[in-house]
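Coordinate analysis (summary)
Each chain, letter by letter, is given below.
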Amino acid sequence: MKKKIIRLHHTDSTNTYLSRYAGDSDDDLVVVTADYQSKGRGQGTNTWESEDGKNLLFSMLVKPTGVEAEKQFVLSMAEALALKEAIDSVISQDCDGEDVRLKWPNDIYWRDYKISGTLIETTLSGKTIKTCIFGTGIDVNQTVFRSEAPNPLSLCSIVGTQIDREALLETIVTCFERYYKMVVDHDYDRIADAYKAALYRRTGMHHYADRNGEFCAEIKDVALNGTLTLHTDTGETRHYAFKEVKFII
């Protein structure tokens, strides 16, 4: 796999940087990392709080072949699994590996705390994906958070010591190359099964809220188009796209 890693001290957004860069590269994988982003973005209108040089802020660009737009969430699954595997390698000696979970659609949680989030942006060519950019922030060495984010936590707060950000990035890229090959090989079921097995709240009844109010349900499935299926305690099956349901934590 032909890849390039670009290291920046400061940029507005690594996703924006790669959006401008996308048409100029014949690499299979381009990674851009920055010590600081002046306009780091999250889902919707959210921003990502990060002290300069403390956390891991990076984006990855791929140009998948033959991934149908209606199955594009398999790319999100692959990247999330790579992040989990890399983060597990950092904290598993000190903590229960079961504590690191994938919160639908693409956050990484340690217990009930968010340690990573990803913004994914795709372009299409007909009915297939032309480019996919994963913009990820991982709370690594920051210990004080001043934003209104409800539950951030850093890796160093979990393990009690500073983490080598560069080594973590290298592990993530290595893990991602392996999962991305599964995407290229159209091994979607294997990726989906691994993703669902690693889900936050993968078993049991938990509290959620949608536009009609709060309810209790268990996760039944996540489809390759990203749809989350919940089964309520009253026997109802509900399907949700992104931003249509909230986890009550």
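I will try to describe carefully the structure that is included in this document. It should be emphasised that the depicted structure is a prediction, and the values quoted were computed from it without experimental measurement.

So, the overall build of the protein chain
When its secondary structure is counted, the protein chain shows five helices and twelve strands. Computed over C-alpha atoms, the radius of gyration of the protein chain comes to 18 Å, within 12% of the 18 Å expected from 2.2 N^0.38 for 249 residues, which places it in the range of a compact globule. With the C-alpha coordinates aligned to their principal axes, the bounding extent of the protein chain is approximately 50 × 45 × 35 Å. Among the 249 residues that make up the protein chain, the fraction classed as buried is 49%. Long-range pairs, those at least 24 residues apart, make up 64% of the contacts in the protein chain with a sequence separation of at least 6. As displayed, the protein chain offers around 11900 Å² of accessible surface, 46% of which is attributable to carbon and sulfur atoms. Taking the average location of the 30 positive side-chain charges in the protein chain and that of its 38 negative ones, the two points are 3 Å from each other.

Quick notes on the nonpolar core
Formed by 63 residues in total, the largest nonpolar core has its most connected members in Phe58, Trp104, Ile138, Leu155, Val183, Tyr195 and Leu230. The greatest single-element share of this core, amounting to twelve residues, is contributed by helix H2 (residues 73-91). With seven residues, the next largest nonpolar core counts Ile6, Tyr21, Val30 and Leu61 among its residues.

Some thoughts on the packing of aromatic side chains
Here the structure, examined in full by the defined rule, presents ten aromatic pairs. Members of the aromatic cluster, joined through ring pairs, are Tyr109, Tyr200, Tyr208, Phe215, Tyr240 and Phe247. Lying over the aromatic face of Tyr179, Arg178 brings its terminal NZ or CZ to 5.3 Å of the ring centre. Positioned over the ring face of Tyr208 is Arg201, at 5.4 Å from the centre of the ring.

Regarding the sheet that holds strand S2 (residues 29-37)
Spatial ordering of the open sheet is given by S1-S2-S3-S7-S6-S5-S4, a layout of seven strands whose pairing is mixed. Whereas interior strands pair on both sides, the edge strands pair on one side only; in this sheet they are strand S1 (3-11) and strand S4 (100-103). The sheet shows a mean angle of 20 degrees between the axes of neighbouring strands, taken without regard to direction. Each of S1, S2, strand S3 (56-62), strand S6 (113-125) and strand S7 (128-138) is contacted by helix H1 (residues 14-21), which is oriented at about 140 degrees to S2, the strand it contacts most.

Re the pairing of S3
The buried count for S3 comes to seven of seven residues, which makes it a mostly enclosed element. Taking every second residue as pointing to the same face, both faces of S3 are buried, with Leu56, Phe58, Met60 and Val62 on one and Leu57, Ser59 and Leu61 on the other. In this sheet, S3 lies alongside S2 in antiparallel orientation, the contact comprising six bridges. Bridge pairing in S3 links Leu29 to Val62. Note that S3 and S7 share seven bridges and pair antiparallel. Note on S7: the bridge partner recorded for Leu56 is Ile138.

A word on the pairing of S6
Walk down a regular strand and you will see the side chains alternate between the two sheet faces. Relative to S6, strand S5 (residues 107-110) is paired through four bridges, and the arrangement is antiparallel. Across the sheet, the residue bridging to Ile108 is Ser116, located in S6. The turn linking S5 back onto S6 is made up of two residues, and Arg111 within it adopts a positive phi angle of 55 degrees. Alignment of S6 against S7, held across ten bridges, turns out to be antiparallel. Residue pairing for S7: Thr123 is matched across the bridge by Thr131. In sequence, S6 turns back onto S7 through a hairpin of two residues, with Gly126 there showing a positive phi of about 70 degrees.

Some points on the side chain of Thr229
As for its position among the elements, Thr229 is in strand S10 (residues 228-232). Residue Thr229 is classed as buried on the basis of its relative accessible area of 12%. Excluding anything up to four places from it in sequence, Thr229 contacts Glu218, Ile219, Lys220, Asp221, Thr237, Arg238 and His239.

Here is what the cut-offs are and how they apply
- Residue positions are given per chain, counted from 1 along the sequence in the order it is written.
- The predicted origin of the model limits local features to residues at a pLDDT of at least 70 and limits the giving and counting of side-chain atom pairs to 80 or more, whereas totals for whole chains, interfaces and linings rest on all residues.
- As a rule here, side-chain values come from all non-hydrogen atoms in the structure, and water together with hydrogens is ignored.
- Runs of E in the DSSP output that reach at least two residues are strands. Runs of H or I that reach at least four are helices, and both are numbered from the N terminus.
- This radius of gyration counts C-alpha atoms alone. The globule rule is 2.2 Å times how many residues there are, raised to the power 0.38.
- Buried, partly exposed and exposed residues are distinguished by accessible area as a fraction of the type maximum, computed with a 1.4 Å probe on protein chains only: under 20%, between the cut-offs, and over 50%, respectively.
- Contact between two residues is taken to exist if any of their heavy atoms lie within 4.5 Å; hydrogens are not considered.
- Calculation of accessible area relied on Shrake-Rupley with a 1.4 Å probe; when residues are assessed, cover is drawn exclusively from the protein chains displayed.
- Counted as positive: Lys and Arg. Counted as negative: Asp and Glu. His and the chain ends are not counted at all.
- Charged groups are reduced to one reference atom each: NZ for lysine, CZ for arginine, CG for aspartic acid, CD for glutamic acid.
- Here the nonpolar core consists of buried residues drawn from Ala, Val, Leu, Ile, Met, Phe, Trp, Tyr and Cys, with membership extended through side-chain atoms lying within 4.5 Å.
- In this scheme Phe, Tyr and Trp rings, the latter by its six-membered ring, pair at centre separations within 6.5 Å, and the angle between planes marks the pair as stacked below 30 degrees, edge-to-face above 60, and tilted otherwise.
- In this scheme, the term charge over a ring applies when either NZ of a lysine or CZ of an arginine sits within 6 Å of the ring centre and within 35 degrees of the ring normal.
- Pairing between two strands is assigned when DSSP locates at least 2 bridges connecting them.
- The convention used is that axes are lines fitted to C-alpha atoms, helices contributing only their stretch in contact, and that angles between N-to-C directions extend from 0 to 180 degrees.

Keep in mind these values describe shape, not function.
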